[in-house]
Amino acid sequence: MDQNSESPIQVGVAGLGRSGWNIHIRTFTNMQDKFQVVAVHDIDEARLKEASINLGCKTYSRYEDFLADSDVELVVVATPTYLHPHHSILALKSGKKVVCEKPMATNTKDADQMIKASAETGSLLTVFQNRRYSKDYITVKEVIASGKLGRIVQIRMALNSFGRRWDWQTLKEMGGGTLNNNGIHLLDCALQLISEKEPEIFCHLDRALTLGDADDHVKLILKAPEEPLIDIELSSACAYPTETWLVMGTCGTLIGTPAELKWRYIKPEELPPRTVDKQSTPDRSYNREELRFYEESWQLEKDSVTPEMSFYNDLYNTIRKGAPLAVTPQEVRKRIAILERCHQMNNL
(Lines give C-alpha, C1' and ligand atoms only; values in the text may rest on other atoms or scores of the structure.)
Protein backbone atom coordinates (compact mmCIF):
# COMPACT_ATOMS: atom_id res chain seq x y z
CA MET A 1 0.00 0.00 0.00
CA ASP A 2 1.34 3.42 -0.97
CA GLN A 3 2.20 5.43 2.14
CA ASN A 4 0.90 8.56 0.43
CA SER A 5 -2.39 6.91 -0.52
CA GLU A 6 -5.57 8.44 0.86
CA SER A 7 -7.31 5.07 0.93
CA PRO A 8 -8.65 3.64 4.22
CA ILE A 9 -6.34 1.38 6.19
CA GLN A 10 -7.49 -2.24 6.08
CA VAL A 11 -7.73 -3.47 9.67
CA GLY A 12 -7.87 -6.88 11.30
CA VAL A 13 -8.89 -7.02 14.97
CA ALA A 14 -7.65 -9.91 17.09
CA GLY A 15 -9.81 -10.38 20.17
CA LEU A 16 -13.46 -9.35 20.31
CA GLY A 17 -13.80 -8.70 24.02
CA ARG A 18 -14.36 -5.43 25.87
CA SER A 19 -11.44 -3.68 24.22
CA GLY A 20 -11.50 -5.21 20.76
CA TRP A 21 -15.25 -4.90 20.26
CA ASN A 22 -16.36 -2.02 22.49
CA ILE A 23 -13.39 0.28 21.93
CA HIS A 24 -11.48 -0.48 18.74
CA ILE A 25 -14.24 -1.71 16.44
CA ARG A 26 -16.65 0.92 17.75
CA THR A 27 -14.03 3.57 16.98
CA PHE A 28 -13.42 2.23 13.47
CA THR A 29 -17.14 2.34 12.66
CA ASN A 30 -16.94 6.13 13.23
CA MET A 31 -13.83 6.49 11.08
CA GLN A 32 -14.67 4.48 7.97
CA ASP A 33 -13.09 7.08 5.72
CA LYS A 34 -9.73 6.15 7.31
CA PHE A 35 -10.13 2.62 8.67
CA GLN A 36 -12.10 -0.40 7.47
CA VAL A 37 -12.40 -3.63 9.44
CA VAL A 38 -11.88 -6.42 6.90
CA ALA A 39 -11.19 -9.35 9.25
CA VAL A 40 -11.44 -10.41 12.89
CA HIS A 41 -10.07 -13.23 15.03
CA ASP A 42 -11.47 -14.79 18.17
CA ILE A 43 -11.74 -18.28 19.62
CA ASP A 44 -15.41 -17.67 20.50
CA GLU A 45 -17.58 -18.73 17.54
CA ALA A 46 -20.54 -16.69 18.80
CA ARG A 47 -18.43 -13.54 18.70
CA LEU A 48 -17.23 -14.36 15.19
CA LYS A 49 -20.82 -14.81 14.04
CA GLU A 50 -21.77 -11.48 15.61
CA ALA A 51 -18.89 -9.76 13.79
CA SER A 52 -19.85 -11.36 10.49
CA ILE A 53 -23.44 -10.18 10.81
CA ASN A 54 -22.69 -6.66 12.04
CA LEU A 55 -19.50 -5.88 10.14
CA GLY A 56 -19.72 -8.10 7.07
CA CYS A 57 -16.05 -8.95 7.50
CA LYS A 58 -14.08 -12.17 7.27
CA THR A 59 -13.76 -14.18 10.48
CA TYR A 60 -11.03 -16.51 11.71
CA SER A 61 -10.87 -18.83 14.70
CA ARG A 62 -7.16 -19.61 14.09
CA TYR A 63 -4.77 -16.71 14.58
CA GLU A 64 -2.39 -18.05 11.94
CA ASP A 65 -5.15 -18.05 9.31
CA PHE A 66 -6.08 -14.52 10.33
CA LEU A 67 -2.49 -13.33 9.79
CA ALA A 68 -2.36 -15.05 6.40
CA ASP A 69 -5.13 -12.79 5.08
CA SER A 70 -3.40 -10.54 2.55
CA ASP A 71 -6.14 -7.92 2.81
CA VAL A 72 -5.16 -7.10 6.40
CA GLU A 73 -2.70 -4.21 6.57
CA LEU A 74 -2.95 -3.32 10.26
CA VAL A 75 -3.52 -5.78 13.11
CA VAL A 76 -5.01 -4.64 16.42
CA VAL A 77 -3.89 -7.06 19.13
CA ALA A 78 -6.70 -6.95 21.70
CA THR A 79 -6.32 -10.48 23.03
CA PRO A 80 -5.68 -11.18 26.75
CA THR A 81 -2.63 -9.42 28.18
CA TYR A 82 -0.40 -12.48 28.45
CA LEU A 83 -0.76 -13.02 24.70
CA HIS A 84 0.18 -9.48 23.65
CA PRO A 85 3.90 -10.15 23.02
CA HIS A 86 3.38 -13.46 21.18
CA HIS A 87 0.54 -12.22 19.01
CA SER A 88 2.27 -8.93 18.23
CA ILE A 89 5.52 -10.61 17.22
CA LEU A 90 3.72 -13.11 14.98
CA ALA A 91 1.84 -10.25 13.30
CA LEU A 92 5.02 -8.22 12.79
CA LYS A 93 6.78 -11.21 11.27
CA SER A 94 3.80 -11.65 8.95
CA GLY A 95 4.45 -8.19 7.57
CA LYS A 96 1.56 -6.52 9.36
CA LYS A 97 1.61 -3.17 11.10
CA VAL A 98 0.56 -3.61 14.73
CA VAL A 99 -1.40 -1.71 17.36
CA CYS A 100 -0.94 -3.58 20.64
CA GLU A 101 -3.39 -3.01 23.47
CA LYS A 102 -2.00 -1.89 26.81
CA PRO A 103 0.00 -3.11 28.53
CA MET A 104 2.23 -4.07 25.62
CA ALA A 105 3.89 -6.63 27.92
CA THR A 106 4.28 -7.43 31.59
CA ASN A 107 8.09 -7.43 31.56
CA THR A 108 10.94 -5.76 29.68
CA LYS A 109 12.21 -9.01 28.16
CA ASP A 110 8.99 -9.43 26.20
CA ALA A 111 8.81 -5.73 25.37
CA ASP A 112 12.35 -5.87 24.00
CA GLN A 113 11.48 -8.88 21.83
CA MET A 114 8.53 -6.97 20.40
CA ILE A 115 10.69 -3.93 19.63
CA LYS A 116 13.35 -6.18 18.08
CA ALA A 117 10.77 -7.87 15.84
CA SER A 118 9.54 -4.48 14.67
CA ALA A 119 13.07 -3.34 13.87
CA GLU A 120 14.04 -6.54 12.07
CA THR A 121 10.89 -6.71 9.95
CA GLY A 122 10.50 -2.98 9.36
CA SER A 123 6.87 -3.33 10.44
CA LEU A 124 5.29 -0.55 12.48
CA LEU A 125 4.56 -1.25 16.15
CA THR A 126 2.65 1.11 18.42
CA VAL A 127 0.77 0.76 21.71
CA PHE A 128 -2.78 1.86 22.49
CA GLN A 129 -2.03 4.44 25.19
CA ASN A 130 -5.21 6.36 24.46
CA ARG A 131 -5.48 8.02 27.90
CA ARG A 132 -2.89 10.59 26.84
CA TYR A 133 -5.48 11.91 24.36
CA SER A 134 -8.12 12.52 27.04
CA LYS A 135 -9.32 16.11 27.25
CA ASP A 136 -8.78 16.45 31.00
CA TYR A 137 -5.18 15.26 30.73
CA ILE A 138 -4.49 17.63 27.85
CA THR A 139 -5.94 20.49 29.91
CA VAL A 140 -3.82 19.58 32.95
CA LYS A 141 -0.70 19.61 30.75
CA GLU A 142 -1.65 23.02 29.38
CA VAL A 143 -2.24 24.52 32.83
CA ILE A 144 1.08 23.18 34.12
CA ALA A 145 2.90 24.46 31.04
CA SER A 146 1.32 27.90 31.45
CA GLY A 147 3.30 28.41 34.67
CA LYS A 148 0.24 29.67 36.53
CA LEU A 149 0.71 27.10 39.28
CA GLY A 150 4.39 27.95 39.66
CA ARG A 151 6.90 25.20 40.29
CA ILE A 152 4.97 21.94 40.55
CA VAL A 153 5.58 20.27 43.90
CA GLN A 154 3.34 17.21 43.67
CA ILE A 155 0.97 15.57 41.20
CA ARG A 156 -1.59 13.12 42.53
CA MET A 157 -3.59 10.91 40.18
CA ALA A 158 -6.27 8.60 41.55
CA LEU A 159 -8.68 6.10 40.05
CA ASN A 160 -10.64 4.64 42.94
CA SER A 161 -13.90 2.78 43.39
CA PHE A 162 -15.41 0.08 45.56
CA GLY A 163 -16.28 -3.23 44.00
CA ARG A 164 -15.43 -6.89 43.52
CA ARG A 165 -14.09 -8.40 40.31
CA TRP A 166 -13.55 -12.03 39.33
CA ASP A 167 -12.84 -12.15 35.57
CA TRP A 168 -9.60 -13.17 33.80
CA GLN A 169 -8.07 -9.76 34.43
CA THR A 170 -7.83 -10.64 38.13
CA LEU A 171 -5.36 -13.46 37.41
CA LYS A 172 -1.58 -13.08 37.37
CA GLU A 173 -1.16 -15.91 34.85
CA MET A 174 -3.28 -13.91 32.39
CA GLY A 175 -1.28 -10.73 32.95
CA GLY A 176 -4.07 -9.18 34.99
CA GLY A 177 -4.18 -6.91 37.99
CA THR A 178 -5.09 -3.26 38.48
CA LEU A 179 -1.54 -2.01 38.00
CA ASN A 180 -1.28 -3.67 34.58
CA ASN A 181 -4.85 -2.97 33.51
CA ASN A 182 -5.36 0.65 34.52
CA GLY A 183 -2.19 1.72 36.28
CA ILE A 184 -0.33 1.73 32.97
CA HIS A 185 -2.62 4.55 31.78
CA LEU A 186 -1.92 6.81 34.77
CA LEU A 187 1.78 5.94 34.67
CA ASP A 188 1.98 6.79 30.98
CA CYS A 189 0.40 10.18 31.61
CA ALA A 190 2.50 10.87 34.68
CA LEU A 191 5.81 10.21 32.94
CA GLN A 192 4.95 12.76 30.27
CA LEU A 193 4.59 15.40 32.97
CA ILE A 194 8.18 15.01 34.17
CA SER A 195 11.57 14.80 32.52
CA GLU A 196 13.40 11.71 31.30
CA LYS A 197 15.34 11.44 34.57
CA GLU A 198 15.19 8.00 36.16
CA PRO A 199 12.80 8.17 39.14
CA GLU A 200 13.08 6.45 42.48
CA ILE A 201 10.10 4.15 42.98
CA PHE A 202 7.99 3.00 45.89
CA CYS A 203 5.11 0.67 45.13
CA HIS A 204 2.67 -1.18 47.36
CA LEU A 205 0.33 -3.76 45.82
CA ASP A 206 -2.48 -5.47 47.70
CA ARG A 207 -5.44 -7.78 47.13
CA ALA A 208 -8.54 -6.25 48.68
CA LEU A 209 -11.75 -7.47 47.07
CA THR A 210 -10.62 -9.31 43.96
CA LEU A 211 -11.33 -13.03 43.69
CA GLY A 212 -8.19 -13.61 41.62
CA ASP A 213 -4.57 -13.60 42.76
CA ALA A 214 -3.55 -10.31 41.12
CA ASP A 215 -3.55 -6.86 42.72
CA ASP A 216 -6.60 -4.60 42.97
CA HIS A 217 -5.11 -1.92 45.27
CA VAL A 218 -2.10 0.10 44.10
CA LYS A 219 -0.03 2.90 45.59
CA LEU A 220 2.85 4.04 43.39
CA ILE A 221 5.21 6.90 44.25
CA LEU A 222 7.72 8.27 41.73
CA LYS A 223 10.38 10.88 42.51
CA ALA A 224 13.05 11.99 40.08
CA PRO A 225 15.71 14.59 40.98
CA GLU A 226 14.39 18.16 40.76
CA GLU A 227 11.00 16.90 39.62
CA PRO A 228 7.61 16.92 41.35
CA LEU A 229 6.63 13.92 43.41
CA ILE A 230 4.16 11.72 41.52
CA ASP A 231 1.52 9.94 43.62
CA ILE A 232 -0.54 7.33 41.75
CA GLU A 233 -3.37 5.48 43.49
CA LEU A 234 -5.80 2.91 42.14
CA SER A 235 -8.06 0.93 44.44
CA SER A 236 -11.19 -1.20 44.44
CA ALA A 237 -11.54 -0.62 48.20
CA CYS A 238 -12.48 3.05 48.23
CA ALA A 239 -16.18 3.72 48.84
CA TYR A 240 -15.49 7.47 48.94
CA PRO A 241 -13.53 8.10 45.74
CA THR A 242 -11.33 11.19 45.74
CA GLU A 243 -10.69 13.62 42.90
CA THR A 244 -8.81 12.17 39.95
CA TRP A 245 -6.40 15.12 39.80
CA LEU A 246 -4.59 17.09 42.49
CA VAL A 247 -1.69 19.23 41.24
CA MET A 248 0.05 21.37 43.84
CA GLY A 249 2.43 24.18 42.94
CA THR A 250 4.20 27.11 44.54
CA CYS A 251 1.62 29.51 43.10
CA GLY A 252 -1.56 27.48 43.17
CA THR A 253 -3.44 24.21 42.90
CA LEU A 254 -5.47 22.28 40.32
CA ILE A 255 -8.09 19.73 41.27
CA GLY A 256 -10.76 17.79 39.42
CA THR A 257 -12.07 14.84 37.47
CA PRO A 258 -12.13 13.76 33.81
CA ALA A 259 -15.31 15.83 33.45
CA GLU A 260 -14.40 18.99 35.35
CA LEU A 261 -11.25 20.77 36.49
CA LYS A 262 -10.60 23.98 38.41
CA TRP A 263 -7.44 25.75 39.41
CA ARG A 264 -6.73 28.58 41.84
CA TYR A 265 -3.52 30.58 41.83
CA ILE A 266 -1.77 33.75 42.90
CA LYS A 267 0.43 36.07 40.89
CA PRO A 268 3.82 36.41 42.63
CA GLU A 269 4.45 39.84 41.11
CA GLU A 270 1.50 41.19 43.11
CA LEU A 271 2.94 40.13 46.47
CA PRO A 272 5.01 42.47 48.66
CA PRO A 273 8.62 41.45 49.40
CA ARG A 274 9.29 39.50 52.59
CA THR A 275 12.26 38.83 54.83
CA VAL A 276 12.62 36.20 57.54
CA ASP A 277 11.74 37.67 60.94
CA LYS A 278 13.28 36.07 64.02
CA GLN A 279 11.24 38.21 66.39
CA SER A 280 8.11 36.98 68.15
CA THR A 281 4.96 37.51 66.14
CA PRO A 282 2.39 39.99 67.50
CA ASP A 283 -0.13 38.39 69.83
CA ARG A 284 1.68 35.07 69.47
CA SER A 285 -0.07 34.62 66.12
CA TYR A 286 1.06 32.98 62.90
CA ASN A 287 2.19 34.98 59.90
CA ARG A 288 -0.78 36.18 57.90
CA GLU A 289 -1.24 38.02 54.63
CA GLU A 290 -4.13 38.71 52.31
CA LEU A 291 -3.69 36.82 49.06
CA ARG A 292 -5.56 37.61 45.90
CA PHE A 293 -6.47 34.38 44.14
CA TYR A 294 -7.39 33.96 40.50
CA GLU A 295 -9.65 31.08 39.57
CA GLU A 296 -10.27 29.29 36.29
CA SER A 297 -12.14 26.15 35.35
CA TRP A 298 -12.74 23.67 32.55
CA GLN A 299 -15.65 21.37 31.79
CA LEU A 300 -15.78 18.51 29.35
CA GLU A 301 -17.92 19.35 26.37
CA LYS A 302 -19.52 16.90 24.00
CA ASP A 303 -17.09 16.23 21.19
CA SER A 304 -17.52 13.98 18.19
CA VAL A 305 -13.79 13.19 18.34
CA THR A 306 -13.03 10.77 21.17
CA PRO A 307 -9.54 10.15 22.61
CA GLU A 308 -9.56 6.81 20.76
CA MET A 309 -10.31 8.58 17.49
CA SER A 310 -7.49 11.04 18.16
CA PHE A 311 -5.08 8.14 18.63
CA TYR A 312 -6.15 6.60 15.34
CA ASN A 313 -6.10 9.94 13.51
CA ASP A 314 -2.44 10.26 14.48
CA LEU A 315 -1.78 6.68 13.40
CA TYR A 316 -3.47 7.26 10.04
CA ASN A 317 -1.25 10.30 9.48
CA THR A 318 1.80 8.18 10.28
CA ILE A 319 0.88 5.31 7.98
CA ARG A 320 -0.57 7.31 5.09
CA LYS A 321 1.23 10.65 5.31
CA GLY A 322 4.56 9.82 6.92
CA ALA A 323 4.02 11.74 10.15
CA PRO A 324 6.15 10.73 13.17
CA LEU A 325 4.75 7.89 15.24
CA ALA A 326 2.91 9.43 18.20
CA VAL A 327 3.29 6.51 20.62
CA THR A 328 6.57 4.68 20.16
CA PRO A 329 7.20 1.24 21.67
CA GLN A 330 10.53 2.49 23.03
CA GLU A 331 8.87 5.09 25.26
CA VAL A 332 6.21 2.60 26.38
CA ARG A 333 9.00 0.16 27.24
CA LYS A 334 10.05 2.63 29.97
CA ARG A 335 6.59 2.27 31.50
CA ILE A 336 6.86 -1.51 31.37
CA ALA A 337 10.21 -1.32 33.17
CA ILE A 338 8.52 0.52 36.05
CA LEU A 339 5.64 -1.99 36.16
CA GLU A 340 8.20 -4.78 36.30
CA ARG A 341 10.05 -3.13 39.20
CA CYS A 342 6.74 -2.65 41.03
CA HIS A 343 5.92 -6.33 40.76
CA GLN A 344 9.42 -7.26 41.90
CA MET A 345 8.92 -5.17 45.05
CA ASN A 346 5.79 -7.11 45.94
CA ASN A 347 4.82 -10.74 46.21
CA LEU A 348 1.70 -10.05 44.15
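The following paragraphs examine the structure supplied in this document. (Residues numbered from 1 in each chain as written. Predicted model: local features only at pLDDT ≥ 70, side-chain atom pairs only at ≥ 80, totals over all residues. Heavy atoms only, no water.)

1. What about the overall build of the chain?
Thinking step 1. Within the chain, the regular secondary structure consists of nine helices and 14 strands.
Thinking step 2. For the chain, the spread of C-alpha atoms along the principal axes amounts to about 85 × 45 × 35 Å.
Thinking step 3. In the chain, which comprises 348 residues, the proportion classed as buried is 50%.
Thinking step 4. Taking as baseline every contact in the chain between residues at least 6 positions apart, the subset at least 24 positions apart corresponds to 72%.
Thinking step 5. If you sum the accessible surface of the chain, you get close to 18100 Å²; carbon and sulfur atoms cover 49% of it.
Thinking step 6. Once the 42 positive and 48 negative side-chain charges of the chain are each reduced to a mean point, those two points are 2 Å apart. (Helix = DSSP H or I, 4+ residues; strand = E, 2+ residues; numbered from the N terminus. Buried < 20%, exposed > 50% of the residue type's maximum accessible area, 1.4 Å probe, protein only. Contact = heavy atoms within 4.5 Å. Areas by Shrake-Rupley, 256 points an atom, 1.4 Å probe, with all protein chains shown as cover. Lys, Arg positive; Asp, Glu negative; His and termini not counted. Charge placed at Lys NZ, Arg CZ, Asp CG, Glu CD.)

2. What to know about the nonpolar core
Thinking step 1. In this structure, Trp 245 and Tyr 312 are the most contacted members of the largest nonpolar core, which totals 89 residues.
Thinking step 2. Per-element accounting of this core gives the leading share, seven residues, to helix α7 (residues 178–192). (Core = buried A, V, L, I, M, F, W, Y, C linked by side-chain atoms within 4.5 Å.)

3. Section: the environment of Ile 152
Thinking step 1. Turning to its location among the elements, Ile 152 is positioned in strand β7 (residues 152–160).
Thinking step 2. For Ile 152, a relative accessible area of 11% puts it in the buried group.
Thinking step 3. Separated by 92 residues in sequence, Ile 152 and Tyr 60 have C-alpha atoms that sit 51 Å apart.
Thinking step 4. Sequence-distant contacts of Ile 152, that is, excluding residues within four places in its chain, are made with Ile 144, Pro 228, Val 247, Met 248 and Gly 249.

4. A short note on unusual backbone geometry
Thinking step 1. Omega for the bond connecting Lys 102 with Pro 103 falls within 30 degrees of zero, at -15 degrees, which places this linkage in the cis form.
Thinking step 2. By secondary structure assignment, the location of Pro 103 is in the loop between β5 (97–100) and α5 (108–121).
Thinking step 3. In this model, Asp 283 sits at a positive phi of 60 degrees, which is unusual for a non-glycine residue.
Thinking step 4. Mapping Asp 283 onto the fold places it in the loop between β13 (260–265) and β14 (294–299).
Thinking step 5. The class of Asp 283 is exposed, set by a relative accessible area of 77%.
Thinking step 6. With phi around 55 degrees, Arg 284 is a residue other than glycine that occupies positive phi space.
Thinking step 7. Of note, Arg 284 is situated in the loop between β13 and β14.
Thinking step 8. With a relative accessible area of 81%, Arg 284 lands in the exposed category.

5. Overview of the pattern of salt bridges
Thinking step 1. Tallying each qualifying case throughout the model produces 24 salt bridges.
Thinking step 2. Here Arg 62 and Glu 64 are joined by a salt bridge, their closest N and O atoms 3.7 Å apart.
Thinking step 3. The class for Glu 64 is partly exposed, based on a relative accessible area of 45%.
Thinking step 4. A single network of salt bridges, built from pairs that share partners, joins Arg 132, Asp 188, Glu 331 and Arg 335. (Salt bridge = Lys/Arg side-chain N within 4 Å of Asp/Glu carboxyl O.)

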